[in-house]
Amino acid sequence: MPFLLKKFDLSALPRRGVLRLAGLAAWPTWAGSQSLGPTVLPAAHSLRDELAVALKKKQALVVMVSLDGCPYCRVARQSYLSPLQKNGADIVQLDMNSLQPVQNFSGQFTTHGELIRQWQISVTPTVLFFGPGGKEVAERLEGASSPDFYGAYLEQRLEKARLAL
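Residue positions within a chain follow its written sequence, with the count starting from 1. Two thresholds apply to this predicted model, a pLDDT of at least 70 for residue-level local features and 80 or more for giving and counting side-chain atom pairs, whereas whole-chain, interface and lining totals are computed over all residues. As a convention, hydrogens and water are excluded, and side-chain values are obtained from all of the structure's heavy atoms.

### So, the overall build of the protein
No. 1: Looking only at helices and strands, the protein features five helices and seven strands.
No. 2: Contact between two residues is taken to exist if any of their heavy atoms lie within 4.5 Å; hydrogens are not considered. By sequence separation, contacts in the protein at least 24 residues apart represent 63% of the contacts at least 6 residues apart.
No. 3: Using a 1.4 Å probe, accessible areas were evaluated by the Shrake-Rupley method; residue-level cover was limited to the displayed protein chains. As displayed, the protein offers around 9800 Å² of accessible surface, 56% of which is attributable to carbon and sulfur atoms. Note on conventions: DSSP H or I runs of at least 4 residues are helices, E runs of at least 2 residues are strands, and numbering of each starts at the N terminus.

### Brief notes about the side chain of Arg-77
No. 1: As for its position among the elements, Arg-77 is in helix H3 (residues 71-86).
No. 2: Buried and without a salt bridge, Arg-77 has Asp-68 as its closest oppositely charged side chain, separated by 6.9 Å. Buried, partly exposed and exposed residues are distinguished by accessible area as a fraction of the type maximum, computed with a 1.4 Å probe on protein chains only: under 20%, between the cut-offs, and over 50%, respectively. The charge count treats Lys and Arg as positive and Asp and Glu as negative. His and the chain ends do not count. Put simply, a salt bridge is a Lys or Arg side-chain nitrogen that is within 4 Å of an Asp or Glu carboxyl oxygen.

### Regarding the pairing of strand E5 (residues 126-131)
No. 1: Among the six residues that make up E5, six are buried, leaving the element largely enclosed by the rest of the structure.
No. 2: The alternating pattern of E5 places Thr-126, Leu-128 and Phe-130 and Val-127, Phe-129 and Gly-131 on opposite faces, both of which are buried.
No. 3: Two strands qualify as a pair provided DSSP detects at least 2 bridges between them. Strand direction decides the pairing type here: strand E1 (residues 61-66) and E5, joined by five bridges, are antiparallel. Note that in E5 the partner of Leu-61 across the bridge is Phe-130.
No. 4: When E5 meets strand E7 (residues 141-142), the two strands line up antiparallel, connected through two bridges. Bridging from a neighbouring strand, Val-127 pairs with Leu-141 of E7.
No. 5: By the bridge criterion, two bridges tie E5 to strand E6 (residues 135-136) in an arrangement that is antiparallel. Counterpart to Phe-130 in the pairing with E6 is Glu-136.
No. 6: The loop that links E5 with its antiparallel partner E6 comprises three residues; one of these, Gly-133, has a positive phi angle of about 75 degrees.

### Topic: the packing of aromatic side chains
Each pair of aromatic rings is reported with the distance of its centres and the angle of its planes.
No. 1: Planes of paired rings set the category: under 30 degrees apart is stacked, over 60 is edge-to-face and the rest tilted, where pairs are Phe, Tyr or Trp rings (Trp by its six-membered ring) whose centres lie within 6.5 Å. In the structure shown here, the tally under the stated rule is four aromatic pairs.
No. 2: Ring plane angle 55 degrees and centroid distance 5.0 Å describe the contact between Tyr-80 and Tyr-150, whose orientation is recorded as tilted. Of this pair, Tyr-80 sits in helix H3 while Tyr-150 is found in helix H5 (residues 150-164), placing the two residues 70 residues apart along the sequence.
No. 3: For Tyr-150, a relative accessible area of 2% gives the class buried.
No. 4: Members of the aromatic cluster, joined through ring pairs, are Phe-105, Trp-119 and Phe-130.

### Looking at the environment of Glu-139
No. 1: Among the secondary structure elements, Glu-139 is positioned in the loop between E6 and E7.
No. 2: On the basis of relative accessibility, which here comes to 52%, the residue Glu-139 falls in the exposed class.
No. 3: Sequence spacing of Glu-139 and Leu-128 is eleven residues, and the spatial spacing of their C-alpha atoms is 7.4 Å.
No. 4: If we skip the residues at most four places from it in the chain, Glu-139 touches Phe-129 and Arg-157.

### Some points on the packing of H3 against H5
No. 1: Working convention: axes come from line fits to C-alpha atoms, limited for helices to the stretch in contact. Angles between N-to-C directions cover 0 to 180 degrees. Where H3 meets H5, the axes come as close as 11 Å, and the angle between the chain directions of the two elements is 35 degrees. Of the two elements, H3 crosses H5, and the hand of that crossing is right-handed. Residues Ala-76, Tyr-80, Leu-81 and Leu-84 of H3 form the contact with H5, whose own contacting residues are Tyr-150, Gly-151, Leu-154, Glu-155 and Leu-158.
No. 2: As a working rule, the residues Ala, Val, Leu, Ile, Met, Phe, Trp, Tyr, Cys and Pro are called nonpolar, Asp, Glu, Lys and Arg charged, and the rest polar, with Gly in that last group. Considered class by class, the residues forming the contact of H3 with H5 number seven nonpolar, one polar and one charged. Here is the rule for handedness: rotate from the far helix to the near one, and if that takes an anticlockwise turn smaller than a right angle the crossing is left-handed, while a clockwise turn gives right-handed.

All we've got here are geometric facts, nothing functional implied.
Below, the structure written as structure tokens:
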């Protein structure tokens, strides 16, 4: 008896579910071509101070929101964000479920997880770009479902952030 594939109706899934399926379909080729060593970005401690350092260099502060164990986060960190950081970009990381304290742009203390909830982020990785006053100066880069274009999307947003400063 031949194996028949049942037609799957993507319209029954929410848009986010379709994007995740697309990302999973691309994942084996993307992940297989990447070196996924243990690269770590510094955890955010004081966004106000970290932003001040970035602005002195006429750069936006780049904040990566990640989730422990997220393979897409690991690829974004290893292949895209860590090389930028090594070239002088100011990048910090917030962990979605972390209770680690962090000082927000107003100087008040909260936790990584609570700050991420306030920013209404539900997808990892999400990369944000902040300028003066802690305002977002470029569109958020959410998810990693387009690995062929991720680097271009990141560069596009970095350029927009630079122009906004």
